[in-house]
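Residue-level structure breakdown
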Amino acid sequence: MEEPMCLVGNGADGEQDGYKQGNNTVTSRAAIENEAALREALARYAAGMGGLRLPAELGELSAAHGRCKADALRLFMQRSFKDEEQGFQKQLVAGITERHANLLAENEAVSEQTCRALLEELSAAMQQKLSAGRYSQPGGYQAYDRDQNRVLEDYRAKANKGVKAEETLEQFLASKKAKAEAMLKADKTLTEAEEEKAREKQEGERLEQQRKAAEEKRLQTEPLVKDQERSHQENVKQLEAKVAEELAGARQETERALESKLKEQEAMLQKGFAEKARLMEDAISGLREEIRPANASRASGPIVPFRAPDPFPPGPPPGPFPPGPPFSLFPPSRVHSPCPPIFSTHRARLSIRGRDCDYLSHPAS
């Protein structure tokens with residue numbers, strides 16, 4: 001009787017070698033595809049954010065960041081292939097976070113430069129009067145106070161100063177404090193009561209400007225918190241879509257493999273190789289077991305990925321937003337829970353409530 005071309009016993013080693021070779025090919029292809037997807041997604045984000053004109057208000061930057069990051073994530077998900085443990089997606093998130101942080105720092109620097117140049121321009125006439133001794137004459141302090149108030153009004157009326165407008169003005173007024181005090185003492189036309197009233201006015205204006213600068217810093221943190229929340233939600237949305245797509249593809253691969261094994265077993269039985277057909281039962285049962293959990297998982301509940309901790313917990317208003325990238329969506333620690341995999345050849349891992357797990361969904365609580 002003619003031997004079949006596919007043997008179970010003597011051909012097992014060759015079949016295993018073929019599987020390993022095929023798996024290595026898939027892994028190499030995945031690395032190439034994912035690296036290309038990462039580069040294209042980062043370039044898409046940079047191109048989108050590059051169209052902004054600085055200095056910009058933080059709300060404008062935040063809105064642009066949200067749009068460009070979502071666009072970059074969609075592009076990456078479309079191009080990526082078998083991104084095991086979301087390694088390349090993590091690189092994308094880290095790269096976007098770094099670029100966003102750099103842009104925020106650049107925006108602050110441009111804003112500060114713009115504000116300093118504006119104040120220097122507006123106060124140029126005052127500086128000339130100071131050099132000419134105009135404010136050292138009787139009544140000079142009142143003239144100085146009027147001119148400075150005009151400078152402040154013109155400064156505040158100017159648009160597009162950016163996120164450092166109040167802080168830069170606070171620093172400007174602080175640098176003029178000593179000169180104002182000297183002129184106040186030198187103006188002999190003021191009574192003692194008028195001099196005291198002028199000092200109280202100076203102190204009140206200084207404290208008010210400090211309050212405005214602190215409020216400016218506080219308001220800058222709000223868009224950043226919203227950015228993180230929006231980024232988390234978009235990342236979850238894109239990840240769920242990609243996981244569902246890869247699960248469907250893996251299930252189809254397993255079903256095709258099962259169909260092929262069943263046909264091969266049937267052919268052996270028809271040719272009278274009952275023993276060899278029986279030896280295939282373990283492989284067939286394994287494929288069926290892989291398909292069964294996949295069917296059950298679709299009704300088990302939603303994906304609950306890791307949620308980054310709130311960088312601004314309840315409490316006193318925070319100071320300036322710290323330099324460097326914000327919190328990562330994926331924690332460095334990995335505590336594996338005893339969760340059964342859906343497919344032995346295709347495992348997707350999500351961080352579920354702070355723990356990495358090899359399944360994709362769990363019963364809703």
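Our structure's up above, just so we're on the same page.
Predicted model, so just to flag it, every value in this text is computed and none were measured.

Looking now at the overall build of the protein. Counting its regular elements, the protein contains nine helices and two strands. The linear arrangement of helices and strands in the protein, starting from the amino end, is α-α-α-α-α-α-α-α-α-β-β. By the burial criterion, 38% of the 365 residues in the protein qualify as buried. Summarising the internal contacts of the protein: among those between residues at least 6 apart in sequence, 73% fall at separations of at least 24.

All right, on to the side chain of Lys 176 then. Along the chain, Lys 176 falls in helix α6 (residues 165-186). Within the buried set, Lys 176 has no salt-bridge partner at all; the shortest N-O distance to an opposite charge, 9.5 Å, is to Glu 120.

Leaving glycine aside, a negative phi is the common case for residues, and trans is the common case for peptide bonds. The omega torsion of the bond from Leu 54 to Pro 55 falls at 5°, within 30 degrees of zero and hence cis. Mapping Pro 55 onto the fold places it in the loop between α1 (12-49) and α2 (58-79). Of note in this structure, Lys 82 is not a glycine but carries a positive phi near 50°. Positionally, Lys 82 belongs in the loop between α2 and α3 (87-122). Phi angles above zero are rare outside glycine, and Asn 160 is one such case at about 60°.

Turning our eyes to something else, we now look at the packing of helix α5 (residues 140-157) against α6. The interhelical angle for the contact between α5 and α6, taken along N-to-C directions, is 175°, at an axis separation of 11 Å. In terms of their interaxial angle, α5 and α6 are classed as roughly antiparallel. Together, Tyr 141, Tyr 144, Gln 148, Leu 152, Tyr 155 and Arg 156 of α5 and Ala 165, Thr 168, Leu 169, Leu 173, Lys 176, Ala 180, Met 183 and Leu 184 of α6 make up the contact between the two elements. Its residues assigned to classes, the contact of α5 with α6 shows 10 nonpolar, two polar and two charged.

Looking at the element boundaries, Arg 53 is found in the loop between α1 and α2. When its relative accessible area of 74% is taken as the criterion, Arg 53 is described as exposed. The spacing of Arg 53 and Asn 107 is 54 residues in sequence and 9.2 Å in space, taken between C-alpha atoms.

The final tally for this structure, using the stated rule, is 17 salt bridges. One salt bridge connects Arg 199 with Glu 195, and the closest N-O pair in it is separated by 2.8 Å. On the criterion of helical spacing, the pair formed by Arg 199 and Glu 195 is a turn pair, its members being four residues apart in helix α7 (residues 192-270). Arg 199 gets classed as partly exposed once you look at its relative accessible area, which sits at 24%.

We now examine the packing of aromatic side chains. Applying the stated criterion across every chain, the model contains one aromatic pair. For the pair Tyr 135 and Tyr 144, a centre-to-centre distance of 5.3 Å together with 90° between the ring planes defines the contact as edge-to-face. Look at Tyr 135 and you get buried, because its relative accessible area is 4%. Look at Tyr 144 and you get buried, because its relative accessible area is 2%. Between the NZ or CZ atom of Arg 29 and the centre of the ring of Phe 81, over which it lies, the distance is 4.0 Å. It is Lys 161 that lies over the ring of Tyr 155; its NZ or CZ is 5.2 Å from the centre.

Once that is clear, we can look at the side chain of Ser 123. Tracing the backbone shows Ser 123 in the loop between α3 and α4 (124-132). The class of Ser 123 is buried, set by a relative accessible area of 11%. Once residues within four sequence positions are removed from consideration, Ser 123 is found in contact with Val 151 and Phe 172.

What counts, and at which threshold
- Residues take numbers from 1 onward in each chain, read along the sequence in its written order.
- In keeping with the model being predicted, local features are shown solely for residues with a pLDDT of at least 70 and side-chain atom pairs are shown and tallied solely at 80 or more, while totals for entire chains, interfaces and linings include all residues.
- In computing side-chain values, all of the structure's heavy atoms are included and hydrogens and water are not.
- Numbering of helices and strands starts at the N terminus; helices are DSSP runs of H or I of at least 4 residues and strands are runs of E of at least 2.
- Any residue under 20% of the maximum accessible area for its type is buried, any over 50% is exposed, and the rest in between are partly exposed; the area is computed with a 1.4 Å probe on protein chains only.
- Only heavy atoms enter the contact rule, under which two residues are in contact if any of them lie within 4.5 Å.
- Residues scored as positive are Lys and Arg, those scored as negative are Asp and Glu, and His as well as the terminal groups of each chain are ignored.
- Whenever Lys or Arg places a side-chain nitrogen within 4 Å of a carboxyl oxygen from Asp or Glu, that contact is recorded as a salt bridge.
- For helices, the axis comes from a line fit to the C-alpha atoms of the stretch in contact; other axes are also lines fit to C-alpha atoms, and the angle between any two N-to-C directions lies between 0 and 180 degrees.
- Comment on the angle field: the value is read as roughly parallel under 35 degrees, roughly antiparallel over 145, roughly perpendicular from 65 to 115, and oblique elsewhere.
- In this classification, Asp, Glu, Lys and Arg are treated as charged, Ala, Val, Leu, Ile, Met, Phe, Trp, Tyr, Cys and Pro as nonpolar, and every other residue, Gly included, as polar.
- A pair of aromatic rings is counted whenever rings of Phe, Tyr or Trp (Trp by its six-membered ring) have centres within 6.5 Å, and the orientation is called stacked for planes under 30 degrees apart, edge-to-face for over 60 and tilted otherwise.
- Here, a charge over a ring means that NZ of Lys or CZ of Arg falls within 6 Å of the ring centre while also lying within 35 degrees of the ring normal.

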